[in-house]
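# Remarks on the overall topology
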Amino acid sequence: MSFMHIGIVVSDPKDWTACALMASFTRNGGQAVFLNFSELTSTIDGKMSYKMGEKSASCGHSFCSNGVDLLRLDALVVRDLGRRGVQDVAFRFEALQALESLGLPVINPPQAIARAANKFATSLALQRAGVPTPKTAVSTSPKDALRILHEYGKAVSKPLFGFKGKGIELLKDGDESDMEKLAAILEKDGLVYLQEFIALRSPRDIRAFVVNGKLMAAIYRVAPPGQWITNLARGGQAELCPITGELRDLAVNASRAVGAVYCGVDLLETGEGLKVIEVNGTPSGKGIFEASGVNVADAIAEHVLRPHS
Ligand SMILES: Nc1ncnc2c1ncn2[C@@H]1O[C@H](COP(=O)(O)OP(=O)(O)O)[C@@H](O)[C@H]1O
Ligand SMILES: [Mg+2]
């Protein structure tokens, strides 16, 4: 059997999940290489036409990263695209889409990465798929934003492309300084993403990891004392979370809603049952492994190497 050649797109070669993926591919008979998209070049020769969807090195354009011709790979797994600014992130993402359209399997599919990265797109996809999610509004209008905050009473504002709990604010209706914060967010970003605040006596959320439509494992993330943001990057503590039918259904449906092959689904335990707040399309597997012993990289590698099994 010939080796499958897999590219793992990652900016930090010491990243736990990327290293776990590399080891899983090797163990399962694949050959993987790290690709840092800070070294990505595409050329367009302006000469030849090619058939749509044909993956061939002679299609008139090339994609090369770290000395690897990406069109010669059998699959590309995206751990993190990396970014310097708006221009290069658009280039990196467009390259992924082009590679996929040329027939290279890209995991996660670029469309899923985009939908998961954009919190408005995720909220919309969840609602449309019938997955319970807290009340949410996105607005470019200061007047409407104030009205929505008044309706929610307490709201969480999140950057549209936020991650690791960064830039998240709790805003209270009627609080002078919170009104100023809201105005400042709208002024700076041109919009605000507001979600009803789910108050929990001891704040924790659930991070569920889904691969290929299966819930692999889940952890609670318990916020540090006096805090309500639970991300592990913000000091949250991981604890094993039992898997219920409700958790399984919601996590799998949320994954399907964004079109991810693998993802981390964040859920809150509300008085009305579990609600999905976020789907992460480039999640870390480290916290899940440490708390549950489940190595999600094995399941991802298995799916990439044997997609139809
Ligand atoms: N509506 C909410 N009510 C209460 N806590 C929330 C709410 N939304 C987010 N949080 C807390 O903030 C954390 C980060 O929010 P999340 O939407 O997952 O964004 P990020 O992409 O930064 O992880 C969550 O894990 C949770 O602890
Ligand atoms: Mg999150």
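Quantities reported herein were computed from a predicted structural model and do not represent experimental measurements.

### Here we look at the overall build of the protein
Secondary structure assignment for the protein yields nine helices and 16 strands. Scaling as 2.2 N^0.38, a compact globule of 309 residues should have a C-alpha radius of gyration of about 19 Å, and the protein matches this with 21 Å. Based on the C-alpha atoms only, the size of the protein along its principal axes is roughly 60 × 45 × 35 Å. Out of the 309 residues belonging to the protein, those deemed buried represent 46%. For the protein, the proportion of contacts with a sequence separation of at least 24, taken over those separated by at least 6, is 65%. Of the accessible surface of the protein, which amounts to about 15300 Å², a share of 53% is contributed by carbon and sulfur atoms. Averaging the locations of the 34 positively and 33 negatively charged side chains of the protein gives two centres separated by 3 Å.

### A closer look at the coordination of the magnesium ion (ligand 2)
Bound to the magnesium ion (ligand 2) are the protein donor atoms Asp266 (OD) and Glu278 (OE), situated 2.0 to 2.1 Å from the metal. Here Glu278 lies in strand E16 (residues 273-280) and Asp266 lies in strand E15 (residues 262-270), a separation of twelve residues in the sequence. For the pair Asp266 and Glu278, a shared accessibility class is recorded, and that class is buried.

### Digging into the packing of helix H5 (residues 142-152) against helix H6 (residues 176-189)
Contact geometry for H5 and H6: axes closest at 11 Å, N-to-C directions at 140 degrees. Taken together, H5 and H6 sit at an angle that is classed as oblique. Here the hand of the crossing between H5 and H6 comes out right-handed. Here Pro142, Ala145, Leu146 and Leu149 of H5 lie close against H6, whose contacting residues are Met179, Leu182 and Leu186. Of the residues that constitute the contact of H5 with H6, the class distribution is seven nonpolar, no polar and no charged.

### Considering the domain arrangement of the protein
Considered domain by domain, the protein is made up of domain 1 (4-107), domain 2 (136-196) and domain 3 (200-305). One C-alpha centre belongs to domain 2, the other to domain 3, and the line joining them spans 25 Å. Contacts between the two partners involve ten residues from domain 2, matched on the other side by seven residues from domain 3. Between domain 2 and domain 3 the total buried area reaches about 620 Å² when both faces are included, carbon and sulfur atoms providing 55% of it. In terms of surface lost to domain 3, no three residues of domain 2 exceed Lys164, Gly165 and Ile168, which account for 49% of the buried area on that side. Our count for the domain 2 to domain 3 interface comes out at zero salt bridges. On the surface where domain 2 and domain 3 come into contact, there are one residue pair in polar contact (both at pLDDT 80 or more).

Reading the values: the criteria
- Residues numbered from 1 in each chain as written.
- Chains lettered and ligands numbered in written order.
- Predicted model: local features only at pLDDT ≥ 70, side-chain atom pairs only at ≥ 80, totals over all residues.
- Heavy atoms only, no water.
- Helix = DSSP H or I, 4+ residues; strand = E, 2+ residues; numbered from the N terminus.
- Rg over C-alpha atoms; globule rule 2.2 N^0.38 Å.
- Buried < 20%, exposed > 50% of the residue type's maximum accessible area, 1.4 Å probe, protein only.
- Contact = heavy atoms within 4.5 Å.
- Areas by Shrake-Rupley, 256 points an atom, 1.4 Å probe, with all protein chains shown as cover.
- Lys, Arg positive; Asp, Glu negative; His and termini not counted.
- Charge placed at Lys NZ, Arg CZ, Asp CG, Glu CD.
- Donors = N, O, S within 2.8 Å, 3.2 Å for Na, K, Ca; no water.
- Axes fitted to C-alpha atoms, helices over the stretch in contact; angles between N-to-C directions.
- Parallel < 35°, antiparallel > 145°, perpendicular 65-115°, else oblique.
- Left-handed = near helix turned anticlockwise from the far one by under 90°.
- Nonpolar A, V, L, I, M, F, W, Y, C, P; charged D, E, K, R; others polar.
- Domains from an automatic or database assignment.
- Buried area = accessible area lost by both parts, 1.4 Å probe.
- Salt bridge = Lys/Arg side-chain N within 4 Å of Asp/Glu carboxyl O.
- Polar contact = N/O pair within 3.5 Å; in protein donor to acceptor, adjacent residues only side chain to side chain.

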